[in-house]
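# Summary of structural features
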Amino acid sequence: MIETDRHGQPLEVDDLDAEWLLEFAHEAEAEVRKAERRRLRVVLRWCDLNPAVDDKSRLSWGEQERVWDCDAWIGGEGVPAVAEFSAEKLAAVMRMSPAATTSLMAEALELRHRLPKIHARVESLDVALWRARRVAKATQGLSPEVAAHVDAVLAPVVDSVGPTRIDRAVAEAIALHDPASLEAAEEKVATNEWGLTLRHRRPGEGGQWAGTSWLGITGDTPTLQRLHDLITDTTTPPADPADLGSERDLGVRQIEALGAVLDGLGAPRPRVRLNIDINTEDLAADATQVGQVLGLGPATVAKIRDWLTGAASVSVLPVLDMARTDGVDDHDPPRWMRDLVTRRDTHCVFPFCDTGSPRCDLDHISPYIPLHLGGPPGQTHPGNLAPLCRHHHRAKTEEHWDYQRTDHGDYIWRDHHGHSYAVTTHGTLELDAR
């Protein structure tokens, strides 16, 4: 594996001994910091070139999704707003998701305008950008006084501390400069964050779904202790006393005990809607066959058979013909058509966006024209529909981008600077500039 040293001379990494390899690693880190600084400068300049039209009407990060046309305030108090949809073009050329690019822009602005001491250390290559961004993310929602305090405290040591030290500095700054917000946060945590959350692993999170989900409970300690004790008391001992200390076996028995508690309470069988790609021949075949659960991932036939015959209440829906092409005159597609499009395209079809299609709008690629205004019949059909997340749906509608669907099912996107991208089943590909 051939690389070059700091003088531009070629060297074979596999031939380096430990001493030279450590020296080369030190040089590589310096080059990484230079590249990160260059990217930071590019991002800040991009923000300067895309200022908000009306800074007075800016909205906090996240609020812009609730309106149709506005500028975006993606940083803390005192940070200038940027024009909406400015992240997408930069994201595409950097081969990043728009969400990740927006975060980078927000944290870059936070560093320059509210954390100048830490920003200066990034510029002098004394601090890795990832550490500086970690601080910037933590201070975005805080007052300028708190941000300034964090900047002063952490700037001298930020290149040698971890997340725990950063979080502690932020908490101390809030307590010192904004005790009222600390008190309000404590009151909010006391009740507002109580509740139950059920989460399934999403594709792309790493690892396998494996038919397992997470249930989180936040509440007062006595109540949760009672639930814990009830499950523990109901947990049956292992069949083999030698397995008494097995954490894995204990976890399985605890979940079984939870099921027994639910049965004792008369809890109804769950009604779960899962879109499973499998046919009856597969169900009758070897249990090692695999089906696909839309939005979650693969599952063995044995697991699917358990769902069909076990604890869950299952409804078998009509077979969806993925080859259907017929259209309707209405703007909104019928349920079968929405299901077809969201199964055909499993995520937002904007370049590098991975928002799941069930959470997307269905966009008319060729804009829908009402029939009473002269529009042709049958405009709403699978070939003219594509899933777009709300933000990229608006970007297309506001004509910041245009796109088309090919006969092969790919999507060709173009910005107004001559860049083109193909969104395919294999990912996003950058095309030659037109």
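What you see is a predicted model; the values in this text were computed from it and never measured.

Attention now goes to the overall build of the protein chain. For the protein chain, the count of helices and strands is 14 helices and 15 strands. Among the 434 residues that make up the protein chain, the fraction classed as buried is 34%. In the protein chain, the proportion of contacts linking residues at least 24 apart, taken out of those at least 6 apart, comes to 53%. Carbon and sulfur atoms make up 55% of the accessible area of the protein chain, which totals about 26,000 Å².

Burial of the side chains of strand 11 (residues 385–388) extends over both faces: L385 and P387 are buried on one face and A386 and L388 on the other. Relative to strand 11, strand 10 (residues 361–364) runs antiparallel, the two being bridged by 4 bridges. Along strand 11, the bridge assignment pairs D361 with L388.

The next point concerns the environment of G219. Relative to the helices and strands, G219 is located in the loop between strand 6 (213–218) and helix 9 (221–234). Overall, G219 belongs to the partly exposed group, its relative accessible area being 26%. For the pair G219 and E193, spaced 26 residues apart in sequence, the C-alpha separation works out to 7.8 Å. Contacts of G219, omitting those with residues within four sequence positions, involve W194 and L224.

Moving on to the packing of aromatic side chains. The geometry of an aromatic ring pair is captured by two quantities: the separation of the ring centres and the angle between the planes. By the definition in use, this model includes 6 aromatic pairs. Pairing W401 with Y421 gives two aromatic rings, centres 6.3 Å apart and planes at 50°, and the pair type is tilted. Here W401 is found in the loop between helix 14 (390–397) and strand 12 (402–405), whereas its partner Y421 is found in strand 14 (residues 420–424), with 20 residues between them in sequence. Clustering of aromatic rings is evident, with ring pairs tying together F350, W401, Y403, Y411, W413 and Y421. Over the ring of W336 we find R324, and its NZ or CZ is 3.5 Å from the ring centre.

Moving on: the confidence of the model for the protein chain. The pLDDT averaged across the protein chain works out to 81; a share of 74% of its residues lies at or above 70. pLDDT under 50 marks residues 55–71. Its contacts with residues more than four places away, or in other chains, come to 43 contacts.

On to helix 4 (residues 116–123). Buried residues of helix 4: I118, H119 and V122, and no others. What you see down the axis of helix 4 is that its buried residues fit within an arc of 100°, all on one side. Here the buried face of helix 4 lies against helix 1 (18–49), helix 3 (98–114), helix 5 (129–139) and helix 6 (144–154). A positive backbone phi angle near 65° is found at L125, which sits one or two residues after helix 4.

Let us look at the environment of I365. One can find I365 in the loop between strand 10 and strand 11. If we ignore the near neighbours within four places in the chain, the residues touching I365 are G383, N384, L385, A386, K396, Y403, Q404, R405 and Y411.

A contiguous nonpolar surface patch, about 560 Å² in accessible area, is contributed by L196, L198, L215, I217, L227 and L230. Counting only elements with at least two residues in the nonpolar patch, the list comes to strand 5 (195–200), strand 6 and helix 9.

Next up on the list: the sheet that holds strand 15 (residues 427–431). An order of 12-13-14-15 is seen for the 4 strands of this open sheet, with the pairing classed as antiparallel. Only two strands of the sheet have a single neighbouring strand rather than two, namely strand 12 and strand 15. Adjacent strand axes in the sheet meet at a mean angle of 20° when their direction is disregarded.

Below, the discussion takes up the packing of helix 5 against helix 7 (residues 163–177). Put simply, helix 5 and helix 7 touch, their axes get as near as 10 Å, and they point 35° apart. The crossing of helix 5 and helix 7 is right-handed. Taking contact as the criterion, the partners of R131, R134, V135, A138 and T139 in helix 5 are, on helix 7, P163, I166, D167 and V170. Looking at the contact of helix 5 with helix 7 residue by residue, the class counts come to 5 nonpolar, 1 polar and 3 charged.

Calculation notes
Residues numbered from 1 in each chain as written. Predicted model: local features only at pLDDT ≥ 70, side-chain atom pairs only at ≥ 80, totals over all residues. Heavy atoms only, no water. Helix = DSSP H or I, 4+ residues; strand = E, 2+ residues; numbered from the N terminus. Buried < 20%, exposed > 50% of the residue type's maximum accessible area, 1.4 Å probe, protein only. Contact = heavy atoms within 4.5 Å. Areas by Shrake-Rupley, 256 points an atom, 1.4 Å probe, with all protein chains shown as cover. Pairing = 2+ DSSP bridges. Phe/Tyr/Trp six-rings, centres within 6.5 Å; stacked < 30°, edge-to-face > 60°. Lys NZ or Arg CZ within 6 Å of the ring centre and 35° of its normal. pLDDT = per-residue confidence, 0-100. Arc of directions from axis to C-beta. Patch = residues over 30% accessible without salt bridge, like charges linked within 9 Å, V, L, I, M, F, W, Y side chains within 5 Å. Salt bridge = Lys/Arg side-chain N within 4 Å of Asp/Glu carboxyl O. Axes fitted to C-alpha atoms, helices over the stretch in contact; angles between N-to-C directions. Left-handed = near helix turned anticlockwise from the far one by under 90°. Nonpolar A, V, L, I, M, F, W, Y, C, P; charged D, E, K, R; others polar.

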